[in-house]
Amino acid sequence: MNFLSLVTGRPGPSGFGSASTAEQVTQGMDASNLTVLITGGASGIGLETTRVLALHKAHVIIAARNMDAANEAKQLILKEDENARVDALKLDLSSAKSIREFADNFNALDLPLNILINNAGIMFCPYQLSEDGIEMQFATNHLGHFLLTNLLLDKMKDTARTTGVEGRIVNLSSVAHIHTYKDGIQFDNINDKNRYSDKRAYGQSKLANILHVKELSRRFQVNTEVAEEGVNITANAVHPGLIMTNLFKHSAVLMRILKFFSFFLWKNVPQGAATTCYVALHPSLKGVSGNYYVDCNDVKPSAFARDEALARKLWDFSSKLVSSVSKA
Ligand SMILES: NC(=O)c1ccc[n+]([C@@H]2O[C@H](COP(=O)([O-])OP(=O)(O)OC[C@H]3O[C@@H](n4cnc5c(N)ncnc54)[C@H](OP(=O)(O)O)[C@@H]3O)[C@@H](O)[C@H]2O)c1
């Protein structure tokens, strides 16, 4: 996909492009046998993703820190389809305690889990530490989703094994993964206030989202060789496009000015949810893992994002961090 395709909406090899909406890319699909968990599914791109997946009869669980917003989202969807299956559970991704409680609550429901959409995110916030003492954008966008995914993986593996239906993990990354710190991930200075850049910290966390699926994919494939039954789960990352949502609240004025001059690069929310829904549901992606999608097409991410050694290093670093905060 190139700049011209983005501006004109011309479809790429998948048959879809920047102008495709989430409803269009999932047209005619039946998701009634699927249970989907989506973080941040109560607003922005996540809400549209929830709505469209529920429209296709999936059972969607919104994981949200704001339960009022999640219940409002649920009511909105029920207004459109009174048979929609949407539920909400509380989750604060910036807190390991909240993530562990969420996983216990989810597992207690004894539901299957086919699709995990790691969608929630924050952007360009001023320097702040999470309650676990980790820089907030890294903690929320990457580390929280890393821990959540690990805690739900056995459930996903069980579901895939017992149903024979491929599980899918979708991480919401961003083209901003290109704009990160000098070494990609600041392993030695993750909390360094003096070097903090709100833009590079966001880019770093979005780079981590891609490296996360890359390493997950490698692990699933390695397991295929070792275990008799392979791990029938794929993991991919997406850039949804540029969509004016609450995400821009820390730079609203700047972004509105930018949008005025670059209006042809922006999508509406239904278009913004298309790539997530495509990667979560489309049958043509069966068995496809470790990729990065933009406008519903496979795209090569940055050199850092393709670096397998960096992906493994981030995995080990993240594992150590989550176990240290859990012991604290
Ligand atoms: N919009 C774009 O142009 C764009 C471009 C590239 C990538 N993305 C990515 O797309 C994803 C969705 O963004 P969006 O545009 O839909 O933004 P949004 O409307 O602000 O939605 C983000 C969601 O994440 C939730 N969230 C934030 N912090 C959380 C936490 N600690 N625990 C649980 N939930 C939390 C928010 O909940 P609250 O309402 O409680 O804050 C909100 O529901 C993000 O990962 C973003 O990085 C967006």
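Residues numbered from 1 in each chain as written. Predicted model: local features only at pLDDT ≥ 70, side-chain atom pairs only at ≥ 80, totals over all residues. Heavy atoms only, no water.

Participant: Help me get a handle on the overall build of the protein chain, residues and values and all.
Facilitator: Tallying secondary structure elements over the protein chain gives 11 helices and 10 strands in all. Its C-alpha atoms give the protein chain a radius of gyration of 18 Å, within 12% of the compact-globule value 20 Å for 328 residues. Overall, the protein chain is about 50 × 50 × 40 Å in size when its C-alpha atoms are taken along their principal axes. Looking at the protein chain as shown, the accessible area adds up to about 14700 Å², and 53% of this sits on carbon and sulfur atoms. (Helix = DSSP H or I, 4+ residues; strand = E, 2+ residues; numbered from the N terminus. Rg over C-alpha atoms; globule rule 2.2 N^0.38 Å. Areas by Shrake-Rupley, 256 points an atom, 1.4 Å probe, with all protein chains shown as cover.)

Participant: Which residues make up the pairing of strand E2 (residues 59-64), and what are the values?
Facilitator: Burial runs high along E2: six of the six residues are buried. Taking every second residue as pointing to the same face, both faces of E2 are buried, with His59, Ile61 and Ala63 on one and Val60, Ile62 and Ala64 on the other. Bridge count for strand E1 (residues 35-39) against E2 is five bridges, and the pairing is parallel. Each bridged residue has a counterpart across the sheet, and for Leu37 the counterpart in E2 is Ile61. Remark: the E1/helix H3 (residues 44-55)/E2 crossover connection has right-handed handedness. Pairing analysis gives six bridges linking E2 to strand E3 (residues 85-90), with the strands arranged parallel. Its bridge partner lying in E3, His59 is registered against Arg85. (Buried < 20%, exposed > 50% of the residue type's maximum accessible area, 1.4 Å probe, protein only. Pairing = 2+ DSSP bridges. Right-handed = clockwise from strand over helix to strand, strands pointing away.)

Participant: Go over unusual backbone geometry with me, naming the residues and quoting the values.
Facilitator: Non-glycine residue Lys57 carries a positive phi angle of around 80 degrees. Structurally, Lys57 is set in the loop between H3 and E2. We note that Asp110 has phi near 55 degrees; this positive angle belongs to a residue other than glycine. Topologically, Asp110 is positioned in the loop between helix H5 (96-108) and strand E4 (115-118). For Asp110, a relative accessible area of 63% translates into the label exposed.

Participant: Let's hear about the packing of H3 against helix H4 (residues 67-80): which residues, and what values?
Facilitator: Contact geometry of H3 with H4 gives a least axis separation of 10 Å together with a crossing angle of 35 degrees. Read as a crossing pair, H3 and H4 show a hand that is right-handed. Contacts between H3 and H4 involve Leu47, Thr50, Arg51, Ala54 and Leu55 from the former and Ala73, Leu76, Ile77 and Glu80 from the latter. When its residues are assigned to classes, the contact of H3 with H4 shows six nonpolar, one polar and two charged. (Axes fitted to C-alpha atoms, helices over the stretch in contact; angles between N-to-C directions. Left-handed = near helix turned anticlockwise from the far one by under 90°. Contact = heavy atoms within 4.5 Å. Nonpolar A, V, L, I, M, F, W, Y, C, P; charged D, E, K, R; others polar.)

Participant: Hey, could you go over the site of the ligand for me, with residue numbers and the actual values?
Facilitator: Around the ligand, the surrounding shell holds 29 residues, and the nearest of these are Ser43, Asn119, Tyr202, Ile243 and Thr245. At 2.5 Å, a side-chain N or O of Thr245 approaches an oxygen atom of the ligand. Here the ligand, which alone exposes 890 Å², has 92% of that area covered by the protein. Residues of the shell around the ligand, tallied by class, amount to 12 nonpolar, 14 polar and three charged. (Near = heavy atom within 4 Å. Polar contact = N/O pair within 3.5 Å; in protein donor to acceptor, adjacent residues only side chain to side chain.)

Participant: Go over a nonpolar patch on the surface with me, naming the residues and quoting the values.
Facilitator: Judged by side-chain polarity, Phe3, Val7, Phe263 and Phe264 come together as a nonpolar surface patch covering roughly 410 Å² of accessible area. Among the structural elements, Phe3 can be located in helix H1 (residues 3-8). You can call Phe3 exposed: its relative accessible area is 54%. (Patch = residues over 30% accessible without salt bridge, like charges linked within 9 Å, V, L, I, M, F, W, Y side chains within 5 Å. Salt bridge = Lys/Arg side-chain N within 4 Å of Asp/Glu carboxyl O.)

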